[in-house]
Amino acid sequence: MKKNRIATIIILFSLLFLLIGCKSTKEDINNITLLDDNEIVKYDKHGQYDLSQYILPSQNQRNIYQISKYKYDIENNTSAQNPLVVIDNEYVDYIIEDNITKVGYNTEYQVNDIAIYRKEFVDDSYDERYYGRYLDIGEYYYIFENIDIDSTYTQSGLNKCFVQEHMDSTLVMNKKYTDILHLSCQGKFKEEVIGEFFEIKEFYVNYYFAKGIGQVQLNSVKCTDSKFNQTVYHSCIETDRKLKENTLL
């Protein structure tokens, strides 16, 4: 029992060290959190921008995207010139039925007075999220945190998404889009089996949504650091997703 208590204390101190690195300062031994007191999502009707008008199109349509993935050098803040993968045409259909917007084959959105409900089928289960709807610049629209600790296993992480800025216009694949909302997300997740395995994933994502059209561009960097026995692995991948065209259905 004493050995287990010592191991748990060591894990807690390791987690708090990780949280300090994430610029999180609030912790409670009985209810540990990775978030500061002001990192919350508000659900009310007071906000300059209606997020639902940007992330969802105003009518049934098909968006066609080009996706490119690159190796990314985080130390030099640059990506390789030649992409690892290019997908020329990714088709995403948006179908609006009875206040529900279906996106592709596995995601749907439902909008109410103060929030946006998102449900996505991933890995044989549903990922369900609530986004704030009416927001001002700098406010969070989605926050997630998870902490699971015992004497041999640690899993922790967070994801924070907020309104970065409003843009009058942006140019994507030589086409000009107007009334743009720039959203940003950042996250960090850690999983560890003490003495055997650990993995840390960190990501940054920038989304650009045109009002009435939906996502016109996405740029993300995702880095993974892991160790299994004595083998260490590190990689960073940058993804660039651009709207090629959209047509009505």
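The coordinates are above.
Predicted, not measured: the structure shown is a model, and the values here were computed from it.

Student: So what about the side chain of Lys160? Which residues, and what values?
Tutor: As for its placement among the helices and strands, Lys160 is situated in strand 11 (residues 153–172). Once residues lying within four places of it in the same chain are set aside, the contact partners of Lys160 are Leu35, Glu39, Tyr140, Tyr142, Ile143, Ser184, Cys185 and Gln186.

Student: With reference to specific residues and values, describe the pattern of salt bridges.
Tutor: All told, the structure shown has 14 salt bridges when counted by the stated rule. Lys160 is the salt-bridge partner of Glu39, the closest N and O atoms lying 2.7 Å from each other. Highlighted residues: Glu39 in the loop between helix 1 (2–21) and strand 1 (49–50) and Lys160 in strand 11, separated in sequence by 121 residues. The exposure class of Glu39 is buried, given its relative accessible area of 9%. For Lys160, a relative accessible area of 7% gives the class buried.

Student: Go over the environment of Glu145 with me, naming the residues and quoting the values.
Tutor: By secondary structure assignment, the location of Glu145 is in strand 10 (residues 140–149). Sequence-wise, Glu145 and Leu35 are 110 residues apart; in three dimensions their C-alpha atoms are separated by 7.9 Å.

Student: Please give an account of the pairing of strand 11 that cites residues and values.
Tutor: One ladder, built from nine bridges, connects strand 10 with strand 11; its direction is antiparallel. When the sheet's bridge partners are listed, Ile149 is paired in strand 11 with Thr154. Hairpin remark: strand 10 followed by strand 11, antiparallel, with three residues in the connecting loop. Direction of pairing for strand 11 relative to strand 12 (residues 175–193): antiparallel, over a ladder of 18 bridges. Within the sheet, the bridge partner assigned to Leu171 lies in strand 12 and is Lys176. Connecting strand 11 to the next strand, strand 12, in antiparallel fashion are two residues, including Met173 with a positive phi near 50°.

Student: Explain the state of the cysteines to me, and be specific about the residues and the numbers.
Tutor: This structure, assessed with the given rule, holds two disulfides. Put simply, Cys161 and Cys185 are joined by a disulfide, and their sulfur atoms are 2.1 Å apart. Judged by the sign of its S-S torsion, about 115°, the cystine formed by Cys161 and Cys185 is right-handed. Note that Cys161 is positioned in strand 11 and Cys185 in strand 12, a separation of 24 residues in sequence.

The rules behind the values
Residues numbered from 1 in each chain as written. Predicted model: local features only at pLDDT ≥ 70, side-chain atom pairs only at ≥ 80, totals over all residues. Heavy atoms only, no water. Helix = DSSP H or I, 4+ residues; strand = E, 2+ residues; numbered from the N terminus. Contact = heavy atoms within 4.5 Å. Salt bridge = Lys/Arg side-chain N within 4 Å of Asp/Glu carboxyl O. Buried < 20%, exposed > 50% of the residue type's maximum accessible area, 1.4 Å probe, protein only. Pairing = 2+ DSSP bridges. Disulfide = S-S within 2.5 Å.

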